[in-house]
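# Coordinate inspection notes
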Amino acid sequence: MRKVTIFSLLLLSLWSCAKKAAVNEKAAMDLGAFKTFKIDTEAKPVSIFELIEEVEIMRLEETDESLLSHVQQVYSTEERIVFPSGNDGSIYSYTKNGEFINKFSHVGNGPGEYEFIWSFWVDGDRIFVSDINRRSLLSYDLEGEHLKSWRLPFYAKSFFTYDKGFVAGLDYTAFQDTLQFNVLFLNESMEVKKMANPYLYPLTLYVGSSVNSFQPYGKNLIYHGFKSDSVFLIENNKTRALFKFDFGEEWLWTEETLKNATNTTDLIRQTNLVWWVDSYISEEWIYLSYKTSLKDVFTVLIDRNSGAQKAVKVNKNAATKYAMTPIKWEEGRFMVGLQSPDVRAFINDLGEEKVRFRQGTTLEEIESSENPVLMWVKFKDFE
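Below: a short report on this structure. Bear in mind that the values here come from a model prediction, so they are computed numbers and not experimental data.

Phi is positive for Asn 197, which is not a glycine, with a value near 60 degrees. By relative accessible area, Asn 197 is classed as buried at 10%. Unusually for a residue other than glycine, Asn 236 sits at a positive phi of about 55 degrees. Using a relative accessible area of 65% as the deciding quantity, one classes Asn 236 as exposed.

Laid out in structure tokens, this is it:
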């Protein structure tokens, strides 16, 4: 009898594991399938504090060399985090406990120098900076020593390393006169080996996004230009539509609009329609930001598995918002930047029991510094 019971339990365990594996496999297949997410711009927003399970906060050490204005494009190596901050073109390195390591700036007119940082990313032990104004891409080691520069035959805002070369996003200008493309695949010498995402009507818009249109996604990349309602997966030197954000009649850049648009800035001011979309994507979540004017920003959190979504407000009080800067997803948590004067009020609104500080960080140290903090947010599953 005991043998039969053990055998039955073994079968039950194997069946449970097989079922779980099948569910996980189906979820993975579903995540790779094209989806449309209909965005309700009239949805009543809920407080972000109702959606947070817990947060981890890390101070960024303030020294005479590390006075930070904001933190946005953060990349991680095994031992450090690296990001640009401020308008002086400086790039900072910190330990993963928030201790300052070094900074460098190569703003100038000489070899190995840039005028302004447009795209920024870290690949292994190399830092990359693209400068659209000078049509150049530059690389440095983690200590700031110049490694290599490339002169570009086109204007590209966004770049990323890909398949022993690069991929470029042309959000502002066309590559060819007849059939125009958004995405270029390049070899190590910056020669175009393949093009993707053709479009008929180029959109001239004299505003810039500091968000790189490319973001790592597993072993692949995601491409999402801020003027597009569609997100593409880049794999095997091809682009494939991953999903679309459907704003219905609230979306400005229809084919008819693009065909007839002359002054796009005036069009944005007059219509009050959605014209700017930034997305931050993990396997489980999408953190979506969009604009309907030149200043108002709206946020939506989407559960990719269920398709459920919440319009989110990040209010400090009735009149003001927390200055939370979205950065990226990291191991199931959403990394954001938060100004240090807001940290205590944020903790009070969330609840101290949901907050923990990374080793080396204290609230007293945060409040004695003007540097922003990094915060990793874990969201609750939607009910």
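Taken as a whole and judged by the stated rule, the model has 34 aromatic pairs. When the ring of Tyr 162 is compared with that of Phe 185, the centres are 5.9 Å apart and the planes differ by 50 degrees; the resulting orientation is tilted. Highlighted residues: Tyr 162 in strand β12 (residues 158-162) and Phe 185 in strand β14 (residues 180-186), separated in sequence by 23 residues. For the pair shown, Tyr 162 and Phe 185 are each scored as buried. A centroid spacing of 6.5 Å and a plane angle of 10 degrees characterise the contact between Trp 285 and Trp 329, whose relative ring orientation is stacked.

Our focus in this paragraph is the sheet that holds strand β20 (residues 276-281). Taken together, five strands build an open sheet; the order of strands is β2-β23-β22-β21-β20 and the sheet is mixed. Here the strands that pair on one side only, and so sit at the sheet edges, are β2 (46-47) and β20. Looking at chain direction, β2 and strand β23 (residues 309-313) are connected through two bridges and run parallel. Pairing of Ser 47 across the sheet is with Lys 313, part of β23.

Across all of its chains, the model carries 15 salt bridges by this definition. Taking the shortest distance from any N to any O, the salt bridge between Arg 358 and Glu 56 comes out at 3.0 Å. With Arg 358 in the loop between β26 (355-357) and α5 (363-367) and Glu 56 in strand β3 (residues 52-59), the pair connects residues that are 302 residues apart, well separated along the chain. For Glu 56, a relative accessible area of 6% translates into the label buried. The salt bridge involving Arg 134 is made with Glu 115; its shortest N-O contact spans 3.8 Å. A residue pair is termed long-range when its members are at least 10 positions apart, and Arg 134 in the loop between β9 (126-131) and β10 (136-141) and Glu 115 in the loop between β7 (100-105) and β8 (119-123) qualify at 19 residues.

This next bit is on helix α4 (residues 343-350). Along α4, the positions that sit buried rather than exposed are Val 343, Phe 346, Ile 347 and Leu 350. The arc that holds every buried residue of α4, seen down its axis, measures 100 degrees, which confines them to one face. Downstream of α4 by one or two residues, Gly 351 has phi in the positive range, about 110 degrees.

Reading the values: the criteria
Sequence order sets the numbering: in each chain, residues are counted from 1 along the sequence as written. The predicted nature of this model means local features are confined to residues of pLDDT at least 70 and side-chain atom pairs, given and counted, to a pLDDT of 80 or more, with totals for whole chains, interfaces and linings taken over all residues. The basis for the side-chain values is all heavy atoms of the structure; hydrogens and waters are excluded. Using a 1.4 Å probe on the protein chains alone, a residue whose accessible area is under 20% of its type maximum counts as buried, one over 50% counts as exposed, and one in between counts as partly exposed. Under the pairing criterion, centres of Phe, Tyr and Trp rings, with the six-membered ring standing for Trp, must be within 6.5 Å; the plane angle then separates stacked pairs below 30 degrees from edge-to-face pairs above 60, leaving the rest tilted. Every helix listed is a DSSP run of H or I at least four residues long, and every strand listed is a run of E at least two residues long, numbered separately from the N terminus. One requirement defines pairing of two strands: DSSP has to find at least two bridges between them. The working definition used for a salt bridge is a side-chain nitrogen of Lys or Arg within 4 Å of a carboxyl oxygen of Asp or Glu. Arc definition: directions from the helix axis to the C-beta atoms.

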